[in-house]
Amino acid sequence: MTATNKKLPLVIIGSRQTWDFIVDTADALGREVLGFLDQYYAGRVDSIDGLPCLGSELELIDNPEKFSDAEFFVGNFWDGNSNLGSDVVSGYQLRLNRIKFIDDLQLPLATLVDPRSLLSRNVTFGAGTFVSRGVNIRGGARVGRHCNLLDNSGFANDVTVGDNCILSAGAYLMSNVVLGNNVYVGTRATVLNGHSAKKSHVIIGDDCKIYANELVTNDMPPRTVAALGRRLKRTDI
């Protein structure tokens, strides 16, 4: 699916500490943000950072047509940067829960591609993906559903990104890189193909987390963390 040209208003599901980049891109696209739905804040706050709280997303179970003229977007990130003041559920699991919730109800998804990004030809995005300003993507890239590519991140040729991946500001994927699903690449981290045979790909497995400023040159098995030059097994999922 390529970026939509529709001007439907947006409803964000899930709150986070900063909305500015989402709202900024929506403004650049000429799209109104009606507000957000969040079961943890419904009835507790009227708004967060100027965006109205429209109630709980759970209300959509009985009334999925409540916002029939809008598209939906998952607002909280899985790195834990969320307004949720609870350790009942992690930011990672909360985001997965909300993606499943949207998919189960078959709610229409917004795909937001900032017009100030630089995209080559033959780049495709899955539904629900966000591309921020200054993102630079070379030809042939394939990006899955519900991904977030933040300011000044990007990748070179022949890159495939799975579903629900996050590239933080300044993160970069060099040519011949494959990300699995639910992969987090931290600020200014780089993944490049260190294989001797350049026709092969570096494969980052599902649920991997690459911390800020890390350099990754070889495959990472699923559920691996790259931090301080070390490779560790994730224990939080």
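Reference entry: report on the structure contained in this document. Residue numbers run consecutively from 1 along every chain, following the written order of its sequence. Confidence filtering applies because this is a predicted model: local features only for residues at pLDDT of at least 70, side-chain atom pairs given and counted only at 80 or more, and all residues used for totals across whole chains, interfaces and linings. Side-chain metrics in this entry use all non-hydrogen atoms of the structure; hydrogen atoms and water are not considered.

A word on the overall build of the protein. Only DSSP runs of H or I with at least four residues qualify as helices, and only runs of E with at least two residues qualify as strands; both kinds are numbered from the N terminus onward. The secondary structure content of the protein amounts to 3 helices and 24 strands. For every residue, the accessible area (1.4 Å probe, protein chains only) is compared with the maximum for its type, and the residue is labelled buried under 20%, exposed over 50%, or partly exposed between those bounds. In the protein, buried positions account for 50% of the 237 residues. For every accessible area listed, the method is Shrake-Rupley and the probe measures 1.4 Å; residues are considered covered only by the protein chains on display. Accessible surface computed for the protein: about 10700 Å², of which carbon and sulfur atoms make up 50%.

We now examine the pattern of salt bridges. The salt bridge criterion pairs a side-chain nitrogen of Lys or Arg with a carboxyl oxygen of Asp or Glu, the two atoms within 4 Å. Evaluation of the coordinates by the stated rule reveals 11 salt bridges. Among the salt bridges present, the one from Arg-116 reaches Asp-24, with a minimum N-O distance of 2.6 Å. Taken as a pair, Arg-116 in the loop between β6 (112–113) and β7 (118–119) and Asp-24 in helix α1 (residues 20–28) lie far apart in primary sequence, 92 residues in all. Overall, Asp-24 belongs to the partly exposed group, its relative accessible area being 25%. Residues Arg-98 and Glu-57 are paired through a salt bridge, measuring 3.2 Å at the closest nitrogen-oxygen approach. Highlighted residues: Arg-98 in helix α3 (residues 91–105) and Glu-57 in the loop between β4 (51–52) and α2 (59–62), separated in sequence by 41 residues. Of the residues examined, Arg-98 reaches a relative accessible area of 2% and is grouped as buried. Connected via shared salt-bridge partners are Asp-24, Asp-114, Arg-116, Arg-133 and Asp-151.

On to unusual backbone geometry, then. For Asn-152, which is not glycine, the phi torsion reads 65° and is therefore positive. Take Asn-152: it is sitting in the loop between β12 (148–149) and β13 (154–155). The phi torsion at Asp-207 lies on the positive side, around 65°, for a residue other than glycine. Inspection of the secondary structure puts Asp-207 in the loop between β20 (202–204) and β21 (209–210).

Glancing now at the side chain of Asp-114. By secondary structure assignment, the location of Asp-114 is in the loop between β6 and β7. Take Asp-114: its relative accessible area is 1%, and that puts it in the buried class. Between N or O atoms, a polar contact is any pair within 3.5 Å; within protein, one atom must be a potential hydrogen donor and the other a potential acceptor, and residues adjacent in sequence are included only when both atoms are from side chains. At 2.8 Å, the side chain of Asp-114 forms a polar contact with the backbone nitrogen of Arg-116. Dropping the residues within four chain positions of it, Asp-114 is found in contact with Asp-24, Thr-25, Val-131, Ser-132 and Arg-133. By the convention used here, residues are in contact when the closest approach between their heavy atoms is within 4.5 Å.

Turning to the sheet that holds β13, a few remarks are in order. Pairs of strands are assigned from DSSP output, requiring at least two bridges between the strands. Ordered in space as β7-β10-β13-β16-β19-β22, the 6 strands form an open sheet in which the pairing is parallel. Bordering the open sheet on either side are β7 and β22 (215–216), each of which pairs with just one other strand.

Another point: the nonpolar core. The criterion is simple. A nonpolar core is a set of buried Ala, Val, Leu, Ile, Met, Phe, Trp, Tyr and Cys residues joined through side-chain atoms within 4.5 Å. Leu-149, Phe-155, Val-161, Leu-173, Leu-179, Ile-204 and Ile-210 are the most contacted members of the largest nonpolar core, which has 30 residues in total. For this core, the secondary-structure elements that each account for two or more residues are β14 (159–161), β17 (177–179) and β20. Setting aside chain neighbours within four positions, we find Leu-179 in contact with Thr-160, Val-161, Gly-162, Cys-165, Leu-167, Leu-173, Val-185 and Ile-204.

The relative placement of two aromatic rings is captured by the distance of their centres and the angle of their planes. Pairing of aromatic side chains here covers Phe, Tyr and the six-membered ring of Trp, requires ring centres within 6.5 Å, and sorts the geometry by plane angle: under 30 degrees stacked, over 60 edge-to-face, intermediate tilted. With the rule as written, the count across this model stands at 3 aromatic pairs. Ring centres 6.4 Å apart and planes at 80° place the aromatic pair Phe-67 and Phe-72 in the edge-to-face group. Its relative accessible area of 14% is what places Phe-67 among the buried residues. On the basis of an interplanar angle of 65° and a centroid distance of 6.1 Å, the ring pair of Phe-73 and Phe-130 is categorised as edge-to-face. Note that Phe-73 is positioned in strand β5 (residues 71–74) and Phe-130 in strand β9 (residues 130–131), a separation of 57 residues in sequence. Its relative accessible area of 0% is what places Phe-130 among the buried residues. By the ring-pair criterion, three or more aromatic residues cluster together here, those being Phe-21, Phe-73 and Phe-130. The ring centre of Tyr-41 lies 5.0 Å from the NZ or CZ of Arg-44, which sits over that ring. We call a charge positioned over a ring when the NZ of a Lys or the CZ of an Arg lies within 6 Å of the ring centre and within 35 degrees of the ring normal.

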